[in-house]
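One-letter residues, chain by chain:
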Amino acid sequence: MMEGNPRQTIIDIACRLEKAGLNKVAAGNVSIRSGGRFLITPSGMPPGRLRPRDIVEVDFDGYWEGDVAPSSEWRFHRDILALRPEFGAVVHTHAPFCTTLAVLRRDIPAFHYMVAMAGGKDIRCAPYATFGSQELSDHAVAALEGRKACLLANHGMIACGETAEKALSLAIEVESLAEQYWRALQIGEPVILDDAEMDRVIEKFKTYGPANRGR
């Protein structure tokens, strides 16, 4: 599940999140599974300043070594990667439209079929807890049950994927959906697709993408 040099991959993803407007300065964090451990962005360092040696290696007991501390959110990265073996990377952002919905503590319902890209019929908003806390991690893990992405109340969003590239792509997609939903709410309450339709979409997404051409 690692891509090339995983330390450089983390830096590249962090820089692309900033360039896409999903994070600013030192907000957000990125992790990649690395054998029996995981690599994660350090605490409080902007992407443009990161060097491979700044990426912190953490084990699943929470131990790390080095001159810089891991992101304050290392707990939910660890717990997600530990509990969801299908994920190889986790991306956390303070993306503006996701955060706008999160401060309202709104889920993103099935207003658009692309919501199914996050793995289910909606994108849940996890309850609020202090950043960096085990309570926040527990809430995030619960909101991600059967899902690849969630919002964090009064905070931001999490997107996960088999690879860091897929986690980044999903984060961008979820932010786009959050923007569309927010815009629709300025006019009224969107029409929500029913469960039967979302079940059909979820099934179709199982064979969606270049790897499934010809099927």
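It should be noted that the structure appears before, not after, this text.
Rules used throughout
Residues numbered from 1 in each chain as written. Predicted model: local features only at pLDDT ≥ 70, side-chain atom pairs only at ≥ 80, totals over all residues. Heavy atoms only, no water. Salt bridge = Lys/Arg side-chain N within 4 Å of Asp/Glu carboxyl O. Helix = DSSP H or I, 4+ residues; strand = E, 2+ residues; numbered from the N terminus. Buried < 20%, exposed > 50% of the residue type's maximum accessible area, 1.4 Å probe, protein only. Core = buried A, V, L, I, M, F, W, Y, C linked by side-chain atoms within 4.5 Å. Contact = heavy atoms within 4.5 Å. Polar contact = N/O pair within 3.5 Å; in protein donor to acceptor, adjacent residues only side chain to side chain.

Enquirer: Hey, could you run me through the pattern of salt bridges in this one?
Expert: As a working rule, side chains carrying opposite charge can pair if their charged atoms are close by. The final tally for this structure, using the stated rule, is 10 salt bridges. Arg16 is paired through a salt bridge with Glu165; the nearest N and O atoms lie 2.8 Å apart. Separated by 149 residues along the polypeptide, Arg16 in helix α1 (residues 6-19) and Glu165 in helix α5 (residues 164-185) bring together distant segments of the chain. Residue class for Glu165 comes out partly exposed when judged on its relative accessible area of 32%.

Enquirer: Looking at this structure, I do not really get the nonpolar core. What am I missing?
Expert: Where a protein is soluble and globular, its nonpolar side chains tend to be buried together. Membership of the largest hydrophobic core comes to 45 residues, with the highest contact counts inside it found for Ile108 and Leu151. Of all the elements in the fold, those that place two or more residues in this core are α1, β1 (29-34), β4 (89-93), α3 (96-103), β6 (149-152), β7 (156-161), α5 and α6 (195-205). Discounting residues that sit within four places of it in the chain, Leu151 has contacts with Cys98, Leu101, Ala102, Arg106, Ile108, Ile123, Arg124, Cys125, Ala126, Gly156 and Met157.

Enquirer: Help me out: how do you make sense of the side chain of Asn23 in this one?
Expert: Looking at the element boundaries, Asn23 is found in the loop between α1 and β1. Here His94 takes part through its backbone nitrogen, which lies 2.8 Å from a polar atom of the side chain of Asn23. Every residue in contact with Asn23, bar those within four places of it in the chain, is listed here: Leu17, Glu18, Gly28, Asn29, His92, Thr93 and His94.

Enquirer: Looking at this structure, I do not really get the environment of Leu144. What am I missing?
Expert: Relative to the helices and strands, Leu144 is located in the loop between α4 (134-143) and β6. Through-space distance from the C-alpha of Leu144 to that of Ile123 is 8.5 Å; in sequence the pair is 21 residues apart. When near neighbours in sequence (up to four residues on either side) are disregarded, Leu144 contacts Ile80, Arg84, Arg124, Ala149, Cys150, Ile158 and Cys160.

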